[in-house]
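# A structural walkthrough
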Amino acid sequence: MNAKTVNIAIIGAGLMGREIAAAIQRWPALIDHPVRPRLTAVCDINPAALDWFDEIETVTTKVTDYHDLLADATIDVVYVAVRHDLHERIYSDVISAGKSLLAEKPFGIDESAALAILDAVNAHPESFVRCSSEMPFFPGAQLAINYVLSGALGTIVEARNSFLHASDVDVTKPIGWKRQNKYCGEAGVLNDLGLHTWHVPLRLGWAPETVYGVLQNIVTQRPGPDGALVDCDTWDNAVLYSWASHDGVRFPLTTETKRIDAGQKNTWVFEAIGLDGGVRFSTKNPKLVEIFTVVDVPGGGKEQVWQQIDVGSQSTWPTVTGHNFEFGFSDSILQMWAAFLAEREGKLGDRFSCVTPQEAVATHAIYLAGMKSSATGIACSPEDDLKQ
Ligand SMILES: NC(=O)c1ccc[n+]([C@@H]2O[C@H](COP(=O)([O-])OP(=O)(O)OC[C@H]3O[C@@H](n4cnc5c(N)ncnc54)[C@H](O)[C@@H]3O)[C@@H](O)[C@H]2O)c1
């Protein structure tokens, strides 16, 4: 197959910038993908952050001002992974330059920033824009999504999607930009982890009618750059109890985003239960998907059982990896990019796709409703917050 070359640039050479650069180097693992990405350029205001990219032979441009990348006609697609307060300006500039964009969540520091980015998207149809959310590309998550889409739940009872961390249990962990509202946004942990818990529910048509929010700021101070304690004003944990509908039936949908959930490391959990069936998957045990059903037990009559399935390595885009081998975080990043670049070429078909700008904007209305609800003790409607 003749794959089309697409030149990629990265703005923000931090944790995620390096992760994406590494994922692109594994591209030959994908079978018959229509695109061959080449990472050619990288930008960071910190020149030292650019050194790591010397490992990658295709990177020929390293700059400290992202405008230099936008003026480079050879660059087709830009991935941006920077602080949330910088999203609106940089995303809008990338889109206005006519480049395609894979943006990082939360797609703007707040709803008004997200809407401004959406305006740029609408004004520049030549720029293909999606937002990053990789966890649903785990094969177990894909199986769970397809199980729900098959109608196997019957009448829905309830569903849950969670994203759970625990490194903030350590109160000596220095503050950083993700723990300050002015850089992270007033939605705090919802801005950091919320999109991970809403990509699948929104894709399944579970936009919430109302949201009851329970938000906690547990660690209110952390060591600053000189070791002295400074304010840590972001929400640490946020649980949103929503009413959503599935096949015309209202059901409770719970989404949890926690920086302080003892023992968890980047755990993504999805569970949907109905009267006829149920499915649950957690990246804590990434091979395992559990299916609820009622079976005839030989000699024992009808019983309710949770059956266990080991899923293999295959996600939305086929790879050379042995089908029985295990899947991990870096694989989910590769699959997300496979979906993004295939959809950009119009060749994704009916495979699972990345978060759209409209879905990302919708999450901000949900977070606002959750924050309002937590402050007032009354359930709120995201519709009231979505200004367009
Ligand atoms: N999808 C995921 O799983 C995931 C995980 C972590 C973070 N994120 C998101 O990725 C984004 C970045 O997070 P991170 O953890 O990589 O942050 P980071 O702090 O590790 O890296 C950010 C980098 O941006 C650079 N930078 C700052 N201003 C810049 C500018 N004007 N131009 C160019 N570079 C600039 C910084 O020097 C730094 O190197 C955030 O939106 C975050 O929410 C996503």
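From a predicted model like this one, the values you see are computed outputs, not experimental measurements.

## Considering the site of the ligand
The full set close to the ligand counts 23 residues, and Gly-12, Gly-14, Leu-15, Met-16 and Glu-104 are the nearest of them. The biggest single contributor to the shell around the ligand is helix 1 (residues 15–25), with three residues. Tallied by class, residues from the shell around the ligand come to eleven nonpolar, six polar and six charged.

## Concerning the domain arrangement of the protein
Here the protein is described as being made up of domain 1 (4–131) and domain 2 (136–327 + 355–376). The distance between the C-alpha centroids of domain 1 and domain 2 comes to 26 Å. Facing the 21 residues of domain 1 at the interface are 23 residues of domain 2. Put simply, the parts of the chain that give the side of domain 1 that touches domain 2 at least two residues each are helix 5 (111–123) and strand 6 (129–131). Tallied by class, residues from the side of domain 1 that touches domain 2 come to 13 nonpolar, two polar and six charged.

## Notes on the sheet that holds strand 14 (residues 278–282)
On the basis of which strands lie adjacent, the open sheet formed by eight strands has the order 8-11-12-7-13-14-15-16 and mixed pairing. The two strands at the open ends of the sheet, each matched to only one other strand, are strand 8 (210–216) and strand 16 (301–310). Averaged over neighbouring strand pairs, the angle between their axes works out to 15° when direction is ignored. Note that strand 7 (residues 156–164) and strand 12 (residues 249–258) share six bridges and pair parallel. Each bridged residue has a counterpart across the sheet, and for Asn-161 the counterpart in strand 12 is Thr-255. Contacting strand 7, strand 11 (237–246), strand 12 and strand 13 (267–274), helix 8 (residues 189–203) crosses the sheet at an angle of about 145° to strand 12. Along the sheet, helix 10 (residues 357–376) makes contact with strand 8 and strand 11, crossing strand 8 at roughly 65°.

## Things to note about the UniProt feature "domain: Gfo/Idh/MocA-like oxidoreductase N-terminal" (unreviewed entry) in the protein
When the UniProt feature table is mapped to this numbering, "domain: Gfo/Idh/MocA-like oxidoreductase N-terminal" (unreviewed entry) covers residues 6–122. Each end of residues 6–122 is marked by a C-alpha atom, and these two atoms are 23 Å apart; helix forms 35% of the span and strand 22%.

## Points about the sheet that holds strand 4 (residues 77–80)
The six strands lie next to each other as 3-2-1-4-5-6, forming an open sheet whose pairing is parallel. Looking at strand neighbours, the two that pair on one side only are strand 3 (61–63) and strand 6, the edges of this open sheet. Across the sheet, the mean angle from the axis of one strand to that of its neighbour is 25°, orientation sign disregarded. With eight bridges connecting them, strand 1 (residues 4–11) and strand 2 (residues 35–43) associate as parallel partners. Within strand 2, the residue paired with Thr-5 across the bridge is Arg-36. Of the strands in this sheet, strand 1, strand 2, strand 5 (100–103) and strand 6 touch helix 9 (residues 329–344), which is tilted by about 110° from strand 2.

## Observations concerning helix 10
Taking 1.5 Å per residue as the helical rise, helix 10 with its 20 residues ought to reach 28 Å, and the 29 Å between its terminal C-alpha atoms agrees with that figure. Burial runs high along helix 10: 15 of the 20 residues are buried. One or two residues past the end of helix 10 sits Gly-377, with phi positive at roughly 80°.

## Focus: the environment of Leu-69
Among the secondary structure elements, Leu-69 is positioned in helix 3 (residues 67–70). Between the C-alpha atoms of Leu-69 and Ala-41, which are 28 residues apart in sequence, the distance is 7.4 Å. With near-sequence residues (within four places) excluded, Leu-69 lies in contact with Ala-9, Ile-11, Ala-41, Cys-43, Val-63, Ile-75 and Val-78.

## Here we look at the packing of helix 1 against helix 9
Working note: a packed helix pair is described by the angle between its axes plus the distance between those axes. Following both chains from N to C, one finds helix 1 and helix 9 inclined at 75°, their axes separated by 9 Å at the closest point. On the basis of the axis angle, helix 1 is roughly perpendicular to helix 9. Of the residues in helix 9, those in contact with Glu-19, Ile-20, Ala-22, Ala-23 and Ile-24 of helix 1 are Ser-330, Ile-333, Leu-334 and Trp-337. Here the residues of the contact of helix 1 with helix 9 are counted per class, giving seven nonpolar, one polar and one charged.

Quick notes on the rules
Residues numbered from 1 in each chain as written. Predicted model: local features only at pLDDT ≥ 70, side-chain atom pairs only at ≥ 80, totals over all residues. Near = placed C-beta within 6 Å. Helix = DSSP H or I, 4+ residues; strand = E, 2+ residues; numbered from the N terminus. Nonpolar A, V, L, I, M, F, W, Y, C, P; charged D, E, K, R; others polar. Domains from an automatic or database assignment. Contact = placed C-beta atoms within 7 Å. Pairing = 2+ DSSP bridges. Axes fitted to C-alpha atoms, helices over the stretch in contact; angles between N-to-C directions. UniProt positions renumbered as here; feature names shortened; annotations may be inferred. Expected span 1.5 Å × (residues − 1). Buried ≥ 20, exposed ≤ 12 C-beta atoms within 10 Å, placed from the backbone. Parallel < 35°, antiparallel > 145°, perpendicular 65-115°, else oblique.

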